[in-house]
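What follows is each chain in one-letter form.
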Amino acid sequence: MSSLPHGNNRLGLSEKPSSVQSDSATVINDAKKATTPPTAQYGENPNFGPQHIELSTAMLNNPLDGMSPEEVLKDVDLFVEGKGLTEHRDIFRRGALLARVAQKEGAFEEIAEIPENEKQVLREEITHRWKQPFMLYFLAVLCAGSAIVQGMDQTAVNGAQQFYFDEFEIGPERVYIRGLLNGAPYLCSCLIGCWTNAPLNRFFGRRGTIFISCFISFVSSFWMAAADSWWNLLIARFALGLAVGAKSSTTPVYSAESSPKAIRGALGCQWQMWTAFGIMLGFVASVAFQNVTAPVGESISPPRYPQWRWMLASTAIPPMIVMCQVYFCPESPRWYMEKGKFDKAFRSFTRLRNHPVLASRDMYYAYKMLEVEQVQREGKNLVSEFFTIRRNRRAAQSSFFVMFMQQFCGVNVIAYYSTQIFLDAGFTRSQALLVSMGTGIVNWLFAIPAIYTIDTFGRRNLLLLTFPLLGLCLFFTGFSFWMPQGDVAGGEMNTGRVAMIATGIYLFMAAYSPGEGPVPFTYSAEAFPLYIRDVGMSFATATCWGFNFILSFTWPALVAAFTPQGAFSWYAAWNFFAFFYTYFFLPETKNLTLEELDTVFSIGNRQHGLYYKNKLPWYFQKYVLRKEVEDYPPLYQLGGAGSMSEKLERTRSRQSRPE
């Protein structure tokens, strides 16, 4: 960090950062020190991590903070001249003045250079945050369509496998071939697909990556439908994984980079909600085509079970629609700026904002953020810092945990094998397909409230609430298999047994959708500092799809070895483990700025665990005994970072000693 100057400069480093505001229950700031009890001690001195991270995030909080209006105007004049935007000089001068006070509510009212009509636009940005241009919502529909592709690719196989297992004579005893056929896309995604995200985005942009991944999904759909052997089907499903990883890593980033900050979180949550909708469509396709006997070609003579071919071919429809939409959407403005195409970036911003002054403000602000990011990346080995710096390692650990538990909570057992589970419960094939569709509907409906609760109730609290419920539901479902089955061969099933199993699975999906459904991707996207976020998201998505493969590959063998009771209990136990891990070791990220998150993730596991261990009696007194108790001292205390020279001195001293 010796390349950074010691005072104000054109990056806008502030000598005295403003107090950090937060509504987190475990964070206080300087303004509240006089009235807040001192932070409790837990047996080790807090180590807030390498200070180059603190310095970088102080800059990122607002890179223009500390610059006078005259300095900002001089800087923006250099910007428009250097980037070929001189024809837009006036609008960028006003936009830069707005960017300087972007984090101060209502400060634009005091800027004399902003005319009244533009001030009205700025007021409406706050009071009517959902009043956005058509193109922004068209882009949101594109991202929703990409999520639908993802979800439908995951679950169309649920019903199809009941037919292609019979057609290719893959009996119940061939458990590993069954598991491999279902898990092949996620193996490919973990090993290859997720890691193609960076090069595809570098060369083709966000839109291009989405188009390529949807094209692969489109071709793979027909390839799977035309497969004439189980190994041909296996190769086709493995190829599908090339699309899964790149699409899941790129689409949320494309949405975030294109959305205004007022609704960025809500639009970001759409990924999970519409993935759940696509999962539901996969079940719908299984029901719709279960009795279709129309021939599908002469490669199989005779085609014994054409239903599964129609089910898998139907997954080509959503990616075809998305590929057509991509052409009409603007590219990510940030990607254009990274490529030096500032004229195209401005045109893209103007299509995504209600007024050119908003476009110029957001573009200039994003440019200053990119300058800081380049300073952060300079001279750093990103892979090494990903593991050796505590702040980054804690973010990786937490992202790994939520992604791992998205699979090992057991949800994709339902997504991929619910039809077989219901068949084992005593349903007929038609009934099993129909009841499986119900799980998809429940999954989607209960994902909708997460748009609100994830930012109000919090990520950590949602997990603490839902993990025990998920475990109980799985125990309930597994133990229901001990009920008498009835004379299935004679057409007499035990309706109580099948009702109990269906109820357990439906309740499980209802508990999953607002918790482990939306939290992992949202949490992982915000946990990593900006300069290693691409590496972090690739790691997180690879974790998700890797364990997805393990779950889908091992479930048939697990059921054969442990019976349904033991198999469901295995994943139930993981949910109870996850509850305790979340309580003691998982930081909350709700409504925290990047600067706050750097401090939060710099707290070690030991201190975090000790804090919540010592807080247990306080919870008991307050919520069980319902006593009036004083507020518990916060774990994190932010603010008062001092002058830039002091920060640099602390940086040198802390970097000179081992972590």
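Structure's up top.
Definitions and cut-offs
Residues numbered from 1 in each chain as written. Predicted model: local features only at pLDDT ≥ 70, side-chain atom pairs only at ≥ 80, totals over all residues. Heavy atoms only, no water. Helix = DSSP H or I, 4+ residues; strand = E, 2+ residues; numbered from the N terminus. Buried < 20%, exposed > 50% of the residue type's maximum accessible area, 1.4 Å probe, protein only. Contact = heavy atoms within 4.5 Å. Areas by Shrake-Rupley, 256 points an atom, 1.4 Å probe, with all protein chains shown as cover. Core = buried A, V, L, I, M, F, W, Y, C linked by side-chain atoms within 4.5 Å. Domains from an automatic or database assignment. Patch = residues over 30% accessible without salt bridge, like charges linked within 9 Å, V, L, I, M, F, W, Y side chains within 5 Å. Salt bridge = Lys/Arg side-chain N within 4 Å of Asp/Glu carboxyl O. Lys, Arg positive; Asp, Glu negative; His and termini not counted. Charge placed at Lys NZ, Arg CZ, Asp CG, Glu CD. Expected span 1.5 Å × (residues − 1). 1 Å grid on protein atoms, 1.4 Å probe; cavity = no way out; pocket = protein on both sides within 12 Å on 5 of 7 lines; lining within 4 Å. Points joined across faces, edges and corners; volume = space filled by probe spheres on them. Axes fitted to C-alpha atoms, helices over the stretch in contact; angles between N-to-C directions. Parallel < 35°, antiparallel > 145°, perpendicular 65-115°, else oblique. Left-handed = near helix turned anticlockwise from the far one by under 90°. Nonpolar A, V, L, I, M, F, W, Y, C, P; charged D, E, K, R; others polar.

A count of helices and strands for the protein chain gives 27 helices and 4 strands. The proportion of buried residues among the 659 residues of the protein chain is 58%. Restricting to contacts in the protein chain with at least 6 residues of sequence separation, those with at least 24 account for 80%. When the accessible surface of the protein chain is totalled, it reaches about 26,800 Å², and 62% of it is carbon and sulfur.

Turning next to the nonpolar core. Core analysis: the largest hydrophobic core is formed by 74 residues, its most contacted members being Phe-401, Met-405, Ile-421, Phe-422, Phe-508, Trp-555 and Tyr-571. Considering every element that reaches this core, the biggest residue donor is helix H24 (residues 533-585), with 17 residues. Two domains each donate at least three residues to this core, and these are domain 2 (133-294 + 302-329) and domain 3 (389-603). When residues no more than four places from it in sequence are discounted, the contact partners of Tyr-571 are Phe-408, Cys-409, Gly-410, Val-413, Leu-474, Leu-551, Thr-554, Trp-555 and Leu-558. Membership of the second largest hydrophobic core comes to 38 residues, among which are Val-72, Ala-99, Ala-107 and Trp-335.

Before going further, it helps to spend a moment on a positive patch on the surface. Together, Arg-202, Lys-339, Lys-341, Lys-344 and Arg-347 make up a region of like positive charge exposed at the surface. Examined against the element boundaries, Lys-341 turns out to sit in the loop between helix H13 (333-338) and helix H14 (342-352). Judged by relative accessible area, Lys-341 falls into the partly exposed class, the value being 35%.

Before going further, it helps to examine helix H3 (residues 89-100). Taking 1.5 Å per residue as the helical rise, H3 with its 12 residues ought to reach 16 Å, and the 16 Å between its terminal C-alpha atoms agrees with that figure. Turning to H3, its buried residues number three or more, namely Ile-91, Phe-92, Arg-94, Gly-95, Ala-96, Leu-97, Leu-98 and Ala-99.

The full count for this structure, using the stated rule, is 4 cavities of 30 Å³ or more. For the largest cavity, the calculated volume is near 200 Å³. Surrounding the largest cavity, 18 residues form its lining, Gln-154, Gln-272, Thr-275, Gln-406 and Tyr-512 being those nearest its centre. Of all the secondary structure elements, the ones that give two or more residues to the lining of the largest cavity are helix H5 (134-167), helix H10 (270-288), helix H17 (390-408), helix H18 (411-425), helix H22 (495-512) and H24.

What follows concerns unusual backbone geometry. Residue Thr-563 is not a glycine yet carries a positive backbone phi of 70 degrees. Along the polypeptide, Thr-563 turns up in helix H24. The class of Thr-563 is partly exposed, set by a relative accessible area of 37%.

Now for the packing of H5 against helix H6 (residues 175-191). Any two packed helices are characterised by the angle at which their axes cross and by the distance between the axes. Relative orientation of the contacting elements H5 and H6 amounts to 160 degrees, with a least axis distance of 11 Å. The angle between the axes of H5 and H6 places the two elements in the roughly antiparallel class. The crossing of H5 and H6 is right-handed. Contacts between H5 and H6 involve Asp-153, Gln-154, Val-157, Gln-161, Tyr-164 and Phe-165 on the former and, on the latter, Arg-178, Leu-181, Asn-182 and Tyr-186. Here the residues of the contact of H5 with H6 sort into 5 nonpolar, 3 polar and 2 charged.

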